Amino acid sequence: MRPHCSIMAKKNVTLTTQASYITVDNGLVRLTISKPGGLLTAIKYGGMGNLLDLKSNEFNRGYWDINWNLPGGQDRYQLLRGSEYSVINLSNDHLEVSFKSTYDPSIPGTRLPLTVDVRYVVRSGVSGFYCYAIYERPPGCPACDLAQTRMVFKLRRERFHYMAISDKKQRIMPMPEDLLPGRGKQLIVPESVLLVNPINPDLKGEMFHGSHYIGNDMVAHFEEGETWRKVFGPFFVYLNATTDVSKAYNLWLDAKKQRLMEESLWPYEFISSPYYLTYKERGSATGRLFVQDRFISSSLLPAKSAFIGLSAARTQGSWQTESKGYQFWVQTDSDGYFTIKNIIPGVYGLHGWVPGFIGDYMREELVTISAGSETQLGNLTYVPPRDGPTVWEIGFPDRTANDYYVPDVNPMYVNKLFLDSPEKFRQYGLWDRYTDLHPKSDQVFTIGISNPKEDWFFAHVDRRDGEKYIPSTWEIRFNLRSVTVGTYKLRLSIASATRTDLEVHVNQMNAQQLVFQTMNLGADNTVCRHGIHGLYQLFCVDISSMLLINGDNCIFLTQARGGDALCGILYDYIRLEAPPTS
């Protein structure tokens, strides 16, 4: 049995059609939508005639938009408007309307090569509404890249001042006008503004910044003539209110309960599109994942709390950048068991990664999912990269730089939301704190003495020298009582990289001792976007025993690109392995 939605006193859903608008009303929420464009111009709720920003143009309040380009061309921004309006489903309990723009490849000119069908769903007794969109490339489309798409709601700025993202991330928000000169001072990152004279004086001296990650690796690239279809959503916009300000926090608690309700109803049964499948039309997969690392245990280890999922990606790790298809992920339990539910039928690669172990898991055989059936995958074994016993290691492999030292923010740039927070890396300008800690020389880490939480800076960035940013070289010093003849392995597990020129030398910084070099690595923008991880990468470096000596040794890690305050690399985990033993 699937749970039923908890609904309030029910009134019929009504639809009023005018020349250039429609109005949808269920007695709790009333939407006004442009016709045939599909732009949301008004949301009436709780005594407010419109929750959306009255200072914005009415066609710029609630909308879908997209960033795209032709191959090699400039980025194009487009607000998505429909040209065909239709009622998909209408009853006393339920309404679904469509606003569709159809791409015709026979019409000349440069246009977004995409058919877009924007849908709104309103249900009786439900305090909110559902939105989704169907994107499709019909035959004959030219090649293009789709960088990002989103739905935007611009709310009334004089009423919506408070932000709640999680139990810990809640605060009063600045106003849009605080971005203007005189109120805000733009910093090195364009989206980051120091509030010098905000409308709310309590926010003076704080940061107003956004954060997002994108690079070319994340973009969906389409070849000429390539067909494609994907449903984005549905997502639910829930509305609640209180007249007692002292009980405002109860709105957050109520919203969390509604989230759980929506999760229990997914996939929704009331969506009227053949491209959105109900749970009866989907399948599932179940299995158990183990890890085999003979240098840790002679027995198979259950892959505890591992992430495992199905993706159209066909190579190890490429699920990170696969954005054309759907992905379905879960975490294993403490014994490595997992069940992935509500999977759209098809053929997938099975991917995964296990905290505490480096690398990516991928099942050799593809997985076929059928409607209404469960695919039994049985026992699966992941063998992470490993050649020999561990000589030393730094950090913990969890694909983040969380295990390292994150400094306190410069008092000039404090965001109070992240004071005394496990996410102190969200503070602005932490890249410059590296120079504050190491003004004259770079970081030195000594195995067996240094502590990663205190002595390893979370981001390997350039060091500031006056007005310039210069390359930085970190040293890992370690002692070998005796060198084993053969090839040592240096495993560099990377949590994120941005425009990094990484060089690795052993004992001497010369061409003969250079064992690894990669140029312009990564485009995650993690440093300037105040993040702690991005696209995961793993490099395995061969080190001949001839380069090592009995006694004290040193590995040099050089961030060799200078002149770039925001380039850098975040290490996840580093391990040196001795040559393999029989």
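From a predicted model like this one, the values you see are computed outputs, not experimental measurements.

On to the overall build of the protein chain, then. When you go through the protein chain residue by residue, the secondary structure sums to three helices and 38 strands. Relative to the globule expectation of 25 Å for 582 residues, the C-alpha radius of gyration of the protein chain, 27 Å, shows essentially globular dimensions. Its C-alpha atoms give the protein chain principal-axis dimensions of roughly 85 × 60 × 55 Å. By the burial criterion, 49% of the 582 residues in the protein chain qualify as buried. The long-range fraction of contacts in the protein chain, counting pairs at least 24 apart against all pairs at least 6 apart in sequence, stands at 68%. One finds the centroid of the 60 positive side-chain charges in the protein chain at a distance of 6 Å from the centroid of its 61 negative side-chain charges.

Once that is clear, we can look at the UniProt feature "domain: Rhamnogalacturonan lyase" (unreviewed entry) in the protein chain. Taking the numbering used here, the UniProt-annotated feature "domain: Rhamnogalacturonan lyase" (unreviewed entry) corresponds to residues 308-377 and 390-576. Annotation note: span residues 308-377, helix share 0%, strand share 46%, distance between end C-alpha atoms 12 Å. In residues 390-576, helix accounts for 5% and strand for 44%; the two terminal C-alpha atoms are 6 Å from one another.

Our next topic: empty space enclosed by the protein. Remark: the empty space left among the atoms is shown by a probe the size of a water molecule rolled over them. Inspection of every chain in the model, using the stated rule, returns one cavity of 30 Å³ or more. Counted as a void, the largest cavity has a volume near 60 Å³. Phe425, Gln427, Leu430, Trp431, Phe458, Ala459, Thr526, Val527, His530 and Gly531 together form the lining of the largest cavity. Per-class residue counts for the lining of the largest cavity are six nonpolar, four polar and no charged.

Attention now goes to helix 1 (residues 249-265). The terminal C-alpha atoms of helix 1 lie 25 Å apart, and with 17 residues this matches the ideal 24 Å at 1.5 Å per residue to within 8%. Turning to helix 1, its buried residues are Trp252, Gln258, Met261, Glu262 and Leu265. Each element contacted by the buried residues of helix 1 is listed here: strand 10 (128-137), strand 12 (162-164), strand 13 (170-172) and strand 18 (228-238).

For the coordinates displayed, the defined rule picks out 28 salt bridges. Asp293 serves as the salt-bridge partner of Arg386, at 3.4 Å between the closest nitrogen and oxygen. Of this pair, Arg386 sits in the loop between strand 27 (374-382) and strand 28 (390-395) while Asp293 sits in the loop between strand 19 (283-291) and strand 20 (301-302); the two residues are 93 residues apart in sequence, bridging distant segments of the chain. Taken as a pair, Arg386 and Asp293 share a single burial class, namely buried. One salt-bridge network, held together by shared partners, links Asp387, Arg491, Arg575 and Glu577.

Another point: the state of the cysteines. Enumeration according to the criterion identifies zero disulfides in this entry. Its sulfur unpaired, Cys141 is 7.3 Å from the next cysteine sulfur, which belongs to Cys144. Overall, the relative accessible area of 0% leaves Cys141 in the buried class.

Moving on to the side chain of Ser34. Residue placement: Ser34 occurs in strand 3 (residues 29-34). Other than its neighbours up to four places away in sequence, Ser34 contacts Ser20, Tyr21, Leu39, Thr41, Phe59 and Phe99.

Glancing now at the sheet that holds strand 10. The antiparallel open sheet is built from five strands, whose spatial order is 7-8-9-10-18. With partners counted over all chains shown, the strands left at the sheet margins are strand 7 (84-90) and strand 18, one partner each. Averaged over all pairs of adjacent strands, the angle between strand axes in this sheet comes to 15°, irrespective of strand direction. In the sheet, strand 7 pairs with strand 8 (residues 94-101) via six bridges, with the strands oriented antiparallel. Within strand 8, the position partnered with Tyr85 by the bridge is Phe99. Against the sheet, helix 1 contacts strand 10 and strand 18, and its axis sits at roughly 145° relative to strand 18.

It is worth spelling out the side chain of Thr115 at this point. Note on placement: Thr115 falls in strand 9 (residues 115-123). Overall, Thr115 belongs to the buried group, its relative accessible area being 6%. Of note is the side chain of Thr115, whose polar atom sits 3.0 Å from the backbone nitrogen of Tyr103. Leaving out residues up to four positions away in the same chain, Thr115 has contacts with Lys100, Ser101, Thr102, Tyr103, Ile134, Tyr135, Glu136 and Pro138.

It is worth spelling out the pairing of strand 11 (residues 144-153) at this point. Across eight bridges, strand 5 (residues 62-69) lies against strand 11 in antiparallel orientation. The residue of strand 11 that forms the bridge with Asp65 is Arg150. Pairing analysis gives three bridges linking strand 11 to strand 17 (residues 220-222), with the strands arranged antiparallel. From the neighbouring strand, Cys144 faces strand 17, where its bridge partner is Phe222.

As a further point, take the nonpolar core. With 57 residues, the main nonpolar core has Trp456, Phe458, Leu490, Leu492, Ile543, Ile555 and Ile574 as its most contacted residues. For this core, the secondary-structure elements that each account for two or more residues are strand 28, strand 33 (472-480), strand 34 (487-506), strand 35 (514-523), strand 36 (537-544), strand 37 (551-559) and strand 38 (568-577). Ignoring anything within four residues of it in the chain, the contact list for Leu490 reads Trp392, Val504, Phe539, Cys540, Val541, Ile543, Ile555, Ile574, Arg575 and Leu576. Ile22, Val24, Ile43 and Phe99 belong to the second-largest nonpolar core, a separate cluster that totals 37 residues.

As a further point, take the packing of aromatic side chains. For any two aromatic rings, the description comes down to two numbers: the centre-to-centre distance and the angle of the planes. Counted according to the given criterion, the structure contains 29 aromatic pairs. When the centroid spacing of 6.3 Å and the interplanar angle of 65° are considered together, the rings of Trp64 and Tyr135 count as edge-to-face. Placement of the pair is Trp64 in strand 5 and Tyr135 in strand 10, with a sequence separation of 71 residues. Taken individually, Trp64 and Tyr135 each receive the classification buried, so the pair is uniform in this respect. Its guanidinium or amino end placed over the ring of Phe270, Arg123 lies 4.0 Å from that ring's centre, counting from NZ or CZ. The ring of Tyr276 has Arg282 lying over it, and the distance from NZ or CZ to the ring centre is 5.3 Å.

So, about the environment of Lys204. For Lys204, the position within the fold is in the loop between strand 15 (193-195) and strand 16 (207-208). Taking the C-alpha atoms as reference points, Lys204 and Arg183, separated by 21 residues in sequence, lie 9.2 Å from one another. Ignoring any residue separated from it by four or fewer positions in sequence, one finds Lys204 in contact with Leu195, Val196 and Pro198.

The next point concerns the environment of His438. For His438, the location among the structural elements is in the loop between helix 2 (433-437) and strand 29 (444-446). C-alpha of His438 to C-alpha of Arg463: the two residues are 25 residues apart in sequence and 7.9 Å apart in space. Sequence-distant contacts of His438, defined by excluding residues within four places in its chain, comprise Gln443 and Arg463.

Rules of the game
Residues numbered from 1 in each chain as written. Predicted model: local features only at pLDDT ≥ 70, side-chain atom pairs only at ≥ 80, totals over all residues. Heavy atoms only, no water. Helix = DSSP H or I, 4+ residues; strand = E, 2+ residues; numbered from the N terminus. Rg over C-alpha atoms; globule rule 2.2 N^0.38 Å. Buried < 20%, exposed > 50% of the residue type's maximum accessible area, 1.4 Å probe, protein only. Contact = heavy atoms within 4.5 Å. Lys, Arg positive; Asp, Glu negative; His and termini not counted. Charge placed at Lys NZ, Arg CZ, Asp CG, Glu CD. UniProt positions renumbered as here; feature names shortened; annotations may be inferred. 1 Å grid on protein atoms, 1.4 Å probe; cavity = no way out; pocket = protein on both sides within 12 Å on 5 of 7 lines; lining within 4 Å. Points joined across faces, edges and corners; volume = space filled by probe spheres on them. Nonpolar A, V, L, I, M, F, W, Y, C, P; charged D, E, K, R; others polar. Expected span 1.5 Å × (residues − 1). Salt bridge = Lys/Arg side-chain N within 4 Å of Asp/Glu carboxyl O. Disulfide = S-S within 2.5 Å. Pairing = 2+ DSSP bridges. Axes fitted to C-alpha atoms, helices over the stretch in contact; angles between N-to-C directions. Polar contact = N/O pair within 3.5 Å; in protein donor to acceptor, adjacent residues only side chain to side chain. Core = buried A, V, L, I, M, F, W, Y, C linked by side-chain atoms within 4.5 Å. Phe/Tyr/Trp six-rings, centres within 6.5 Å; stacked < 30°, edge-to-face > 60°. Lys NZ or Arg CZ within 6 Å of the ring centre and 35° of its normal.

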